[in-house]
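# Residue-level structural notes
As a plain string of letters, each chain reads:
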Amino acid sequence: NAGVTQTPKFQVLKTGQSMTLQCAQDMNHEYMSWYRQDPGMGLRLIHYSVGAGITDQGEVPNGYNVSRSTTEDFPLRLLSAAPSQTSVYFCASSLDSLRSTDTEAFFGQGTRLTVV
Amino acid sequence: GQQLNQSPQSMFIQEGEDVSMNCTSSSIFNTWLWYKQEPGEGPVLLIALYKAGELTSNGRLTAQFGITRKDSFLNISASIPSDVGIYFCAGRSSGTYKYIFGTGTRLKVLA
């Protein structure tokens, strides 16, 4: 059971380039989310999805797009990378988050992105 | 919006000492989670709490869901060098999907 898998683990982009960060989970979780982690800022929610075909914005969505065509995959797209998007990106998944228990989020190992 | 304050921001302790950290929320939560993150890794779940007053242990770790539902505490007993890392709390309100994360407590253990 792989859990949450993120690729790539490291990436360097030039300003203006685009790329997609991949996230896949094999736990049949309905809820998936993307966070960015910056020093002293904790984890900030970028976008989230409560199921296939349903996405919504989090706390810091600007500059990022997402889609959820399948339950398993939740890619994050940077359309035109900027130095301010240099960060560590984490994908997380959990069961139906309106349950009363067993809704804890499981994280991938992260993608370390540098935009120069 | 909802805010989550985690303290202390960092701790330097001697091996064998006990550690306490806490999180407080501006609103009521129905779920509290505690995570540990080691360098270069993603956060790993330590303890999940779902009921006010609940006290749950995981080895040397004990976490409590505050009675007011606006706070949670994590204690580590008899710390060892491998406890080093950043500890995050996360909370969620009833009827919402999103978890709010604290800014983390960075723990360093001196042998």
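Everything numeric in this text was worked out from a predicted model, so none of it was measured. Every chain's residues receive numbers from 1 upward, in the order its sequence appears when written. Here every chain gets a letter starting at A, and every ligand a number starting at 1, in the order they are written. Since the coordinates come from a predicted model, pLDDT governs what is reported: local features require at least 70, and pairs of side-chain atoms require 80 or more to be given and counted, while whole-chain, interface and lining totals use all residues. Remark: hydrogens and water are excluded; side-chain values derive from all non-hydrogen atoms of the structure.

## A closer look at the interface of chain B and chain A
- The interface is formed by 21 residues belonging to chain B together with 25 residues belonging to chain A.
- Roughly 1,900 Å² of surface becomes buried between chain B and chain A when both sides are summed, with 58% attributable to carbon and sulfur atoms.
- Whenever Lys or Arg places a side-chain nitrogen within 4 Å of a carboxyl oxygen from Asp or Glu, that contact is recorded as a salt bridge. The interface formed by chain B and chain A holds 0 salt bridges in total.
- Distance and chemistry together define a polar contact, namely a pair of N or O atoms within 3.5 Å, with one atom able to donate a hydrogen and the other to accept it when in protein, and with adjacent residues in sequence counting only for side-chain atoms on both sides. In this assembly, chain B and chain A are joined by 5 residue pairs in polar contact (both at pLDDT 80 or more).
- Here the term charged refers only to Asp, Glu, Lys and Arg, the term nonpolar to Ala, Val, Leu, Ile, Met, Phe, Trp, Tyr, Cys and Pro, and the term polar to all other amino acids, Gly among them. Tallied by class, the residues present in the side of chain B that touches chain A amount to 10 nonpolar, 8 polar and 3 charged. Only heavy atoms enter the contact rule, under which two residues are in contact if any of them lie within 4.5 Å. Values labelled buried area give the accessible surface lost by two parts on being combined, using a 1.4 Å probe and summing over both.

## Here we look at the side chain of A:Gln25
Residue and element names in this part refer to chain A.
- Helix and strand definitions follow DSSP, with helices as H or I runs of at least four residues and strands as E runs of at least two, each counted in order from the N terminus. Tracing the chain through its elements places Gln25 in strand 3 (residues 19-25).
- Within the local environment of Gln25, its side chain forms a polar contact with the backbone nitrogen of Asn28, the two atoms lying 3.1 Å apart.
- Apart from residues no more than four positions distant in its own chain, Gln25 is found in contact with Gly3, Val4, Met32, Arg68, Thr71, Glu72 and Ser93.

## What about the sheet that holds strand 1 (residues 4-7) of chain A?
Residue and element names in this part refer to chain A.
- Each pair of strands is called paired provided DSSP finds at least two bridges between the two strands. In spatial order, the strands read 1-3-8-7; together these 4 strands make up an open sheet with antiparallel pairing. Either end of the sheet is taken by a strand with one partner, and the two such strands are strand 1 and strand 7 (64-66). The average undirected angle you get between the axes of adjacent strands in this sheet is 20°.
- Where strand 1 and strand 3 come together, 4 bridges link them in antiparallel fashion. Orientation is described by lines fitted to C-alpha atoms, with helices fitted over the stretch in contact, and by angles between N-to-C directions that extend from 0 to 180 degrees.

## Concerning the packing of aromatic side chains
- We call Phe, Tyr and Trp rings a pair once their centres come within 6.5 Å, taking the six-membered ring for Trp, and we label the pair stacked below 30 degrees between planes, edge-to-face above 60, and tilted otherwise. As enumerated under the stated definition, the model contains 9 aromatic pairs over all chains in all.
- Look at A:Tyr35 and A:Phe107: their rings are 5.8 Å apart centre to centre, the planes differ by 45°, and that puts the pair in the tilted class. Here the residue A:Tyr35 occupies a position in strand 4 (residues 31-38), and A:Phe107 occupies one in strand 10 (residues 106-107), the gap between them amounting to 72 residues. Each member of the pair, A:Tyr35 as well as A:Phe107, is classed as buried.
- Among the aromatic residues, those joined into a cluster by ring pairs are A:Tyr35, A:Phe90, A:Phe107, B:Tyr35 and B:Phe101. Accessible area is worked out with a 1.4 Å probe on protein chains only. A residue is then buried under 20% of its type maximum, exposed over 50%, and partly exposed in between.

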